Amino acid sequence: MKKHFLILCALSCFISCKKPLETKPVTRGLIAKNAMVVSAREEASKIGSDILKKGGNVFDAMMATEMALAVCYPYAGNLGGGGFMVYRLHTGETGALDFREKAPLAATKNMYLDANGTLIENKSLIGELSVGVPGTVAGIFEAHKRFGLLTVREVLQPVIDLANNGFVITEKQQSRFERYDSIFRAVNGKEILFSKHLKAGDTLKNMPLAKTLERLVLHGKDEFYTGETAKQLVAYLAEKGSIITMEDLSKYQAKWREPIRFRYKDLHIISMSPPSSGGICLAQIMKQIEPFPLKDYGHNSLKAIQVITEAERRTYADRSYFLGDPDFVNIPTDSLLNDNYLKKRMSDFSFEKATPSRSISHGVFEGFDMAIKQSLTATESTETTHYSIVDSYGNAIAVTTTLNSGYGSKLYVDDLGFFLNNEMDDFSSKPGVPNVYGLIGAEANSIAPEKRMLSAMTPTIVEKNGKLLMTVGTPGGSTIITSVLQTILNVVTFDMGMQEAVNAPRFHHQWLPDYIRMEPNSFEDGLIEQLEAKGYSINETHSPIIGIVDGILMLEDGTLEGGADKRGDDTAVGF
């Protein structure tokens, strides 16, 4: 008995003295009770948040945040670009605004081809002929006109002050200015405001942009499209040899569109409709993976990556063929999102081995027969920017805006204080040949006057049980769709908070080229070896980062958690 007693005592001591199992610390983003803005720069998020504090709503804050990004994040923030907005009002009403750029009236289908039909390198990417008719100013004024509460002066004065007083250069910005300095000089023929001489910690003022914003306050949207700013812009472009005219500007209109709405398990998801491919592609991928128990497989596990990769592969094959500007082409949306069609698309998937992209083509629907040549050439870019906003009234927006490549066409209008986009590269300059993001397009996305180019931007709002759950989006070119997908899954399937979901390692597949892009040093060697053993090609060098996600999650207690991506200077500000 005594021996047994001693054993029990020793065992009891071992159990009680043993250190508790270590649990992984939860990474939480900023928590706010009433309202929040998450964007690429702290200055822009603060200006947007201050507008909300003054009693403004998300649409007031949209105008302020968008223009503040044009001041302090010229890499993608803009007046000379365009974008998309998805909204959800506190009443449950949802909608979308398309302020995507358009091809000029003088644009032609073969404008970037030589006499032999060969694509002229960089013609659609750099300089005067790469510029599409800008839509950003029309977009922010259209949203504000319909829903805004404050005056334009109240909204834009803090942005004007920011431009006049300046913002502090970050280390990431210094690196970009140094990297782009030579091309700025080559395209503009001189040193511009943003040069390699700027260092982290310097304060940069943009007086010409402040004056442009002041004219917008006085004269509204028309200032940019028919007023003095329009005249200066067209004169500048004409001097450079652009085909954009006053008529192009005066005819531009932002368009309200019905978003793509779909269900995934117990979620209702609202995302952007064409000419963005984001909503349709997000819906296709999520519907294809829905039957698989991803949570049982585990986050970023072998099986989870296989399922998601194969759904992405099939979706991007459809994207390349069917999608374009709905005002110009008939898009078979219902067929593409049909449950039976998507089930059939995944019917040849096997966990045993990868499905080669050469064996995957677009779906077949009656009435669609557009020729497309496949190509394995591709490049990648991570430009564009996204911001998410929730106000104290319960309204939410997700906005993705862009110049396309970093600093767009690299053309900088000194007298107006902003860069111009190079969105013409997002058309299929030559169907079957990849654009700067490696995305292949067909006739549906060929160039035509006043047509809007296809985009991968995916501003998205998620509801659960009829209530707002999250607003989310990201830059990242062709990786935008898959980054938004994985962030949503991280929250709803793998039980992460917003910041943890945003920080998590990401991967991407887009049909062609046929490899999985994986953020380097983020996935275990053993996992990569397992994928390769099943026939997947892995590329860890092509995308040092995949997406820079900014999102807001509604927590169970009604507070908001911001997810500001650690990959950028992104910051959440709220109250």
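Worth saying up front: this structure is predicted, and the values here are computed from it rather than measured.

Cut-offs and rules
- Here, residues in each chain are numbered from 1, in the same order as that chain's written sequence.
- It should be noted that, the model being predicted, local features are given only for residues of pLDDT at least 70 and side-chain atom pairs only at 80 or more, the latter also being counted only at that level, while totals for whole chains, interfaces and linings use all residues.
- Only hydrogens and water are set aside; all other atoms, that is, all heavy atoms of the structure, feed into the side-chain values.
- Side-chain atoms within 4.5 Å are what join buried Ala, Val, Leu, Ile, Met, Phe, Trp, Tyr and Cys residues into a set we call a nonpolar core.
- Think of it in three bands: residues with accessible area under 20% of the maximum for their type are buried, residues over 50% are exposed, and the middle band is partly exposed, with areas taken using a 1.4 Å probe on protein chains only.
- Numbering of helices and strands runs from the N terminus; a helix is a DSSP stretch of H or I covering at least four residues, while a strand is a stretch of E covering at least two.
- Pairing between strands is defined by DSSP: at least two bridges between the two strands are required.
- Whether two residues touch is decided by their heavy atoms; if any such pair falls within 4.5 Å, the residues are in contact.
- To define axes, lines are fitted to C-alpha atoms, for helices over the stretch in contact only, and angles between the resulting N-to-C directions are given on a 0 to 180 degree scale.
- UniProt positions are given in the numbering used here, feature names are shortened, and annotations may be inferred rather than shown by experiment.
- Under this definition, polar contacts are N or O atom pairs within 3.5 Å; protein pairs additionally need one hydrogen-donor-capable and one acceptor-capable atom, and for neighbouring residues in sequence, both atoms have to be side-chain atoms.
- pLDDT runs from 0 to 100 and stands for how confident the predictor is about each residue.
- Oblique is the label for any angle not under 35 degrees, not over 145, and not in the 65 to 115 range, which are roughly parallel, roughly antiparallel and roughly perpendicular in turn.
- Two helices cross in a left-handed way if the nearer one is turned anticlockwise from the farther one by less than a right angle. They cross in a right-handed way if the turn is clockwise.
- Residues were grouped as follows: Ala, Val, Leu, Ile, Met, Phe, Trp, Tyr, Cys and Pro as nonpolar; Asp, Glu, Lys and Arg as charged; and all remaining residues, including Gly, as polar.

1. Remarks on the nonpolar core
Turning to step 1, where the next piece is worked out: Within the largest apolar cluster, 89 residues are counted, with the highest numbers of intra-cluster contacts made by Tyr-264, Met-286, Ile-289, Leu-294, Met-470, Leu-489 and Met-518.
Turning to step 2, where the next piece is worked out: Considering each element in turn, this core owes the most residues, ten residues, to helix H13 (residues 302-322).
Turning to step 3, where the next piece is worked out: Grouped together as the second largest cluster of nonpolar side chains are 83 residues, Val-71, Leu-162, Phe-167 and Ile-192 included.

2. Quick word on the sheet that holds strand S15 (residues 467-473)
Turning to step 1, where the next piece is worked out: Spatially, seven strands are ordered S1-S20-S19-S15-S14-S9-S8 in an open sheet, and the strand pairing comes out antiparallel. Either end of the sheet is taken by a strand with one partner, and the two such strands are strand S1 (31-32) and strand S8 (260-264).
Turning to step 2, where the next piece is worked out: Pairing of S8 with strand S9 (residues 267-271) involves five bridges; the strand directions are antiparallel. Its bridge partner being in S9, Arg-261 is matched across the sheet by Ile-270.
Turning to step 3, where the next piece is worked out: Most of the contacts of helix H11 (residues 278-289) go to S8, to which it runs at about 15 degrees, and overall it touches S8, S9 and strand S14 (460-464).
Turning to step 4, where the next piece is worked out: Taken strand by strand, helix H16 (residues 480-492) contacts S8, S9, S14, S15 and strand S19 (550-554), and its axis lies near 145 degrees from that of S15.

3. Digging into the UniProt feature "binding site: L-glutamate" (unreviewed entry) in the protein chain
Turning to step 1, where the next piece is worked out: The feature "binding site: L-glutamate" (unreviewed entry), as given by UniProt, occupies Arg-100, Thr-402, Leu-403, Asn-404, Asp-426 and Gly-477 in the numbering adopted here.
Turning to step 2, where the next piece is worked out: Those residues in contact with Arg-100 that lie beyond four places of it in its chain are Gly-83, Phe-84, Tyr-252, Pro-275, Thr-402, Glu-423, Asp-426, Arg-452, Met-453, Leu-454, Ser-455 and Met-457.
Turning to step 3, where the next piece is worked out: In this structure the side chain of Arg-100 is engaged in a polar contact, spanning 3.5 Å, whose partner is the side chain of Glu-101.
Turning to step 4, where the next piece is worked out: Along the chain, Asp-426 turns up in the loop between strand S13 (418-419) and S14.
Turning to step 5, where the next piece is worked out: The exposure class assigned to Asp-426 is buried, which follows from its relative accessible area of 9%.
Turning to step 6, where the next piece is worked out: At 2.7 Å, the side chain of Asp-426 and the side chain of Arg-100 are in polar contact.

4. Description of the environment of Gly-83
Turning to step 1, where the next piece is worked out: By secondary structure assignment, the location of Gly-83 is in strand S3 (residues 82-88).
Turning to step 2, where the next piece is worked out: Among the residues examined, Gly-83 registers a relative accessible area of 0% and is labelled buried.
Turning to step 3, where the next piece is worked out: Through-space distance from the C-alpha of Gly-83 to that of Leu-218 is 24 Å; in sequence the pair is 135 residues apart.
Turning to step 4, where the next piece is worked out: Once residues within four sequence positions are removed from consideration, Gly-83 is found in contact with Leu-97, Asp-98, Phe-99, Arg-100, Thr-400, Thr-401 and Met-457.

5. With respect to the UniProt feature "active site" (unreviewed entry) in the protein chain
Turning to step 1, where the next piece is worked out: Mapped onto the present numbering, the UniProt feature "active site" (unreviewed entry) falls on Thr-384.
Turning to step 2, where the next piece is worked out: The topology assignment puts Thr-384 in the loop between helix H15 (339-345) and strand S10 (385-390).
Turning to step 3, where the next piece is worked out: Judged by its relative accessible area of 5%, Thr-384 falls in the buried class.
Turning to step 4, where the next piece is worked out: Only 2.8 Å separates the side chain of Thr-384 from the side chain of Thr-402, close enough to count as a polar contact.

6. Section: the confidence of the model for the protein chain
Turning to step 1, where the next piece is worked out: Taken residue by residue, the protein chain gives an average pLDDT of 92. The fraction at 70 or more is 91%.
Turning to step 2, where the next piece is worked out: Scored below 50 in pLDDT, residues 1-23 shows one contact in the model against residues more than four places distant or in partner chains.
Turning to step 3, where the next piece is worked out: Low pLDDT, under 50, characterises residues 371-381; the stretch is placed with 41 contacts to residues that sit more than four places away or in other chains.

7. As for the packing of helix H3 (residues 58-72) against helix H4 (residues 136-147)
Turning to step 1, where the next piece is worked out: Two elements in contact, H3 and H4, have axes separated by 8 Å at closest approach and are oriented at 160 degrees. Viewed along their axes, H3 and H4 adopt a mutual orientation that is roughly antiparallel. Our pair here, H3 against H4, has a crossing hand that is left-handed. Contact residues: Phe-59, Asp-60, Met-62, Met-63, Glu-66 and Met-67 in H3; Thr-136, Gly-139, Ile-140, Phe-141, Ala-143, His-144 and Phe-147 in H4.
Turning to step 2, where the next piece is worked out: For the contact of H3 with H4, the residue count by class is eight nonpolar, three polar and two charged.

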